[in-house]
Amino acid sequence: MEPIPQAGVGKRICIVGASGKLGRHMVRHALDRGYEVVGVCREQSVPKLDDFAGRITVIGADTNDREAVARAVEGCAAVLAVLVPWGVRDYSSGTARAVMDSAEPGARLVFSCGWHISRDGQDRYPRKIKAAVAFARLLRFTRLLDMDDQYRAADLIFASDTRWTLVRGSDLEEGPAEGLPVWSRHVGDPVLASNMTRRTDFARFMVEAAENDALVHEAPAIVGCRTPSALAHAGERE
Ligand SMILES: NC(=O)c1ccc[n+]([C@@H]2O[C@H](COP(=O)([O-])OP(=O)(O)OC[C@H]3O[C@@H](n4cnc5c(N)ncnc54)[C@H](OP(=O)(O)O)[C@@H]3O)[C@@H](O)[C@H]2O)c1
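This section reports on the structure supplied with the text. Computed from a predicted structure; not experimentally measured.

A few points about the nonpolar core
Note on soluble globular proteins: their nonpolar side chains tend to be buried together.
Working step 1: Ranked by size, the top nonpolar core spans 62 residues in total, and within it Val-79, Leu-80, Val-99 and Phe-111 carry the most contacts.
Working step 2: It is helix α6 (residues 199–209) that provides the largest number of residues to this core, a total of 6 residues.
Working step 3: When sequence neighbours within four positions are dropped, the list of residues in contact with Phe-111 reads Ala-81, Leu-83, Ala-96, Ile-157, Trp-164, Leu-166 and Val-167.

Structure, rendered in structure tokens:
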């Protein structure tokens, strides 16, 4: 196995939404790269980070809690934030706003979302994705989720002059790492057609994006590097 580059030695990174599936993979990758990790997650989810006890600092708070996020991001060279559309109290946009308003000047900010977010309207979505998004938007009436708030969060990010990257995940699966996902600017590009990424690889992409200035002000749509579409079209990007 190749040695893991220790890009994070001497640097602090904050992971907002650390207790979720993606968040815990990101914590592991960040520790592997030598970062000092500060995690933020809902109070009731703090025990989900017990595996990392003694190795990370955990702040138990909602991820849109401005005061808690401000404390967590202090001194951080990078902030990785999971945007989720749960509830109808602007959780995604509140999380994005809290991170952008309180991060250190010049910090790298890397946010996660799905392919459904479009930066420039040039994405070409398969019918299945369009239908799933339309259905999810309708579910606002249940008050369990508010997809439109993820769009509001993305608009705030796109308009920001912080050093942001918005990583757009394909469908996800668990399983052993396959390698750093490949990316493209637009859903519909052939390289993305397989629409599947291992969650651990998505997390690695998030962590490495914090070290990659070429991704500043990009909204890469990612796909697993071992998927058929990635293998067939590797290296193609408009
Ligand atoms: N699932 C997919 O197929 C998929 C596809 C493409 C992109 N993505 C993106 O990948 C990222 C991670 O998604 P994931 O599906 O893999 O899930 P995940 O990592 O398990 O994250 C879910 C997050 O939502 C939080 N959460 C759950 N219920 C909540 C509630 N009622 N109120 C507030 N927060 C709540 C969780 O916090 P707790 O730990 O506190 O519960 C956790 O931080 C997201 O940005 C998502 O948009 C997902």
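Details of helix α5 (residues 147–158)
Working step 1: In this model α5 runs 17 Å from its N-terminal to its C-terminal C-alpha over 12 residues, within 8% of the 16 Å that 1.5 Å per residue would give.
Working step 2: Residues of α5 that are buried include every one of Asp-149, Gln-150, Ala-153, Ala-154 and Ile-157, and no others. The buried residues of α5 occupy one face: seen down the axis, they fall within an arc of 145 degrees.
Working step 3: Where α5 is buried, its residues contact α3 (91–102), β5 (108–114) and β6 (163–169).

Brief notes about the pairing of strand β4 (residues 78–82)
Working step 1: With respect to burial, β4 is a largely interior element, 5 of its 5 residues being buried.
Working step 2: Judged by which residues are buried, β4 turns out to be covered on both faces: Ala-78, Leu-80 and Val-82 on one side and Val-79 and Ala-81 on the other are all buried.
Working step 3: Note: strand β1 (residues 12–16) against β4, 4 bridges, orientation parallel. Note on β4: the bridge partner recorded for Val-16 is Ala-81.
Working step 4: Where β4 meets β5, 5 bridges bridge the pair, whose relative direction is parallel. Note that in β5 the partner of Val-82 across the bridge is Ser-112.
Working step 5: At this point the chain moves from β4, through α3, to the parallel β5, and the crossover so formed is right-handed.

Structural notes on the site of the ligand
Working step 1: Lining the immediate surroundings of the ligand are 23 residues, of which Ser-19, Gly-20, Leu-22, Ser-45 and Gly-169 lie closest.
Working step 2: Listing elements by their share of the shell around the ligand, those giving two or more residues are α1 (21–32) and β5.
Working step 3: Tallied by class, the residues present in the shell around the ligand amount to 9 nonpolar, 9 polar and 5 charged.

Here is what the cut-offs are and how they apply
- Residues numbered from 1 in each chain as written.
- Predicted model: local features only at pLDDT ≥ 70, side-chain atom pairs only at ≥ 80, totals over all residues.
- Core = buried A, V, L, I, M, F, W, Y, C linked by C-beta atoms within 7 Å.
- Buried ≥ 20, exposed ≤ 12 C-beta atoms within 10 Å, placed from the backbone.
- Helix = DSSP H or I, 4+ residues; strand = E, 2+ residues; numbered from the N terminus.
- Contact = placed C-beta atoms within 7 Å.
- Expected span 1.5 Å × (residues − 1).
- Arc of directions from axis to C-beta.
- Pairing = 2+ DSSP bridges.
- Right-handed = clockwise from strand over helix to strand, strands pointing away.
- Near = placed C-beta within 6 Å.
- Nonpolar A, V, L, I, M, F, W, Y, C, P; charged D, E, K, R; others polar.

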